[in-house]
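Here is what each chain is made of, one letter per residue.
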Amino acid sequence: MITSEYFMLRCFELARKGLGYVAPNPLVGSVLVNNGNIIGEGFHAEYGLDHAEVNAIRDAEKKYPELVSTSELYVSLEPCSHFGKTPPCSDFIISKGIKKVYISNTDSNILVAGKGISKLRSAGIEVVENLLSDEGRKTNKRFFSFHEKKRPFIILKWAQTSDGFIGPTSKEKIQISGNQSHELVHKWRGEEQAILVGKETALVDNPQLNVRLWEGKNPIRVVIDSKLLLPEDLNLFNQNITTIIFNSIKDQIENNISFVKLNFKSSILNQLLSYLYSINIQSIIIEGGTITLQKFIDENLWDEARIFTSPRKINYGIKAPVLSIKNCTEEIIPVGDDKLQIITKTSL
């Protein structure tokens, strides 16, 4: 027998198709079900475009218009109740005569936060809440973190040798992780809104911090350079991608580069994250180096860590960050010859 959980799991599967394209909106999937059969599906595909519920209902209307009003709607997140880039989904659902709606999570955005559910119920629609709510929170971990913690969802990422180093102490560049791991990292970059490195990593590695090995959107590049000592011939200054330089000297915009002044006499990370929150950056991946990563760890400003361990040894070099896995879940995944360790805080 097909259960309501089955249909909600399909909503999550659809929702994840929008990853990398819908932020700062949430990932949302929806299905319309009639007599145990899915007759319409939809997801939020891109920020500013129609939401999942609208797409699911319109999909059903193309094939089974006569069945829409007698169907049940499943949606992974509470339908919106306000005018944003699109009209309220709750009004659209009501207008179609649907009598029952299943929802996984209440929306944490103060513009919604239960108002969509109240509007549906006031219109006489039966609403079933909290269906697979834990899975729903995992699907929208970025969105919930942004609205509840008032900062981006923070992912730490690094590659280390089997003897615990992230690179040599010399200026020599070496590849620690394998090609499959590199491709996976570029996929991740396309899923997040921003990517951050410290000054030394920018100087030594001269990274592009873009998506070259995978199809996706380039994240906003973020660099910490207190004294603005980085040379302008680095890839980070090529104007190809929106870039933010956090520094202690100036606030200034130069084409596609924004210089943002912080007070470096006190802890800068909360200042930095507060600024990113103010410009609707929902998620960020921290790619190094060790000093920058360790600062985020020491100040407990992270939500997930993704660590590649290569079989390679270098015997001496720059030590990898140290991260406790207390009160965390851990998953180990083989990626080519590398081992990928995913550590997630249990408080997500």
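Calculation rules
- Residues numbered from 1 in each chain as written.
- Predicted model: local features only at pLDDT ≥ 70, side-chain atom pairs only at ≥ 80, totals over all residues.
- Heavy atoms only, no water.
- Helix = DSSP H or I, 4+ residues; strand = E, 2+ residues; numbered from the N terminus.
- Rg over C-alpha atoms; globule rule 2.2 N^0.38 Å.
- Buried < 20%, exposed > 50% of the residue type's maximum accessible area, 1.4 Å probe, protein only.
- Contact = heavy atoms within 4.5 Å.
- Areas by Shrake-Rupley, 256 points an atom, 1.4 Å probe, with all protein chains shown as cover.
- Lys, Arg positive; Asp, Glu negative; His and termini not counted.
- Charge placed at Lys NZ, Arg CZ, Asp CG, Glu CD.
- Salt bridge = Lys/Arg side-chain N within 4 Å of Asp/Glu carboxyl O.
- Pairing = 2+ DSSP bridges.

Caption draft 1: Just the overall build of the protein, in detail. Scanning the protein for helices and strands turns up ten helices and 17 strands. The globule rule puts the C-alpha radius of gyration for 348 residues at 20 Å, and the 22 Å found for the protein is close to it. When the backbone C-alpha atoms are referred to their principal axes, the protein occupies close to 70 × 45 × 35 Å. Taking all 348 residues of the protein together, 51% fall into the buried category. Contacts in the protein between residues far apart in sequence, at least 24 positions, make up 68% of those at least 6 positions apart. Total accessible area computed for the protein in this model is approximately 16,400 Å², and 49% of it derives from carbon and sulfur atoms. Between the averaged position of the 41 positive side-chain charges in the protein and that of its 40 negative side-chain charges there is a distance of 4 Å.

Caption draft 2: Spatial organisation of the pattern of salt bridges. One pass over the full model with this rule turns up 20 salt bridges. Here glutamate 304 ties to lysine 141 by a salt bridge, and the two come within 2.8 Å at their closest N and O atoms. Of this pair, glutamate 304 sits in strand 14 (residues 304–309) while lysine 141 sits in helix 6 (residues 141–149), and the two are 163 residues apart along the sequence. By relative accessible area, glutamate 304 is classed as buried at 5%. On the accessibility criterion, lysine 141 (17% relative accessible area) is buried. Two residues, arginine 306 and glutamate 304, come together in a salt bridge whose shortest N-O distance is 2.7 Å. With respect to class, arginine 306 is no different from glutamate 304; both count as buried. When salt bridges that share partners are traced, they join Arg10, Glu13 and Glu41 into one network.

Caption draft 3: Up close: the pairing of strand 9 (residues 220–224). Most of strand 9 is tucked away, with four of its five residues classed as buried. When strand 8 (residues 194–198) meets strand 9, the two strands line up parallel, connected through five bridges. The residue of strand 9 that forms the bridge with valine 197 is valine 223. Direction of pairing for strand 9 relative to strand 10 (residues 243–247): parallel, over a ladder of four bridges. Bridge assignment links valine 222 to a residue of strand 10, and that residue is isoleucine 244.

Caption draft 4: Molecular detail of the side chain of asparagine 25. Relative to the helices and strands, asparagine 25 resides in the loop between helix 1 (4–15) and strand 1 (29–34). Given a relative accessible area of 19%, asparagine 25 falls into the buried group. When near neighbours in sequence (up to four residues on either side) are disregarded, asparagine 25 contacts His44, Tyr47, His51, Phe143 and Gln282.

Caption draft 5: Here's a closer look at helix 10 (residues 290–298). Among the residues of helix 10, Thr290, Thr292, Leu293, Gln294, Phe296 and Ile297 are the ones counted as buried. Summarising the contacts, the buried residues of helix 10 are in contact with strand 6 (153–160), strand 7 (165–167), strand 8, helix 9 (269–278), strand 13 (283–286) and strand 15 (318–319).

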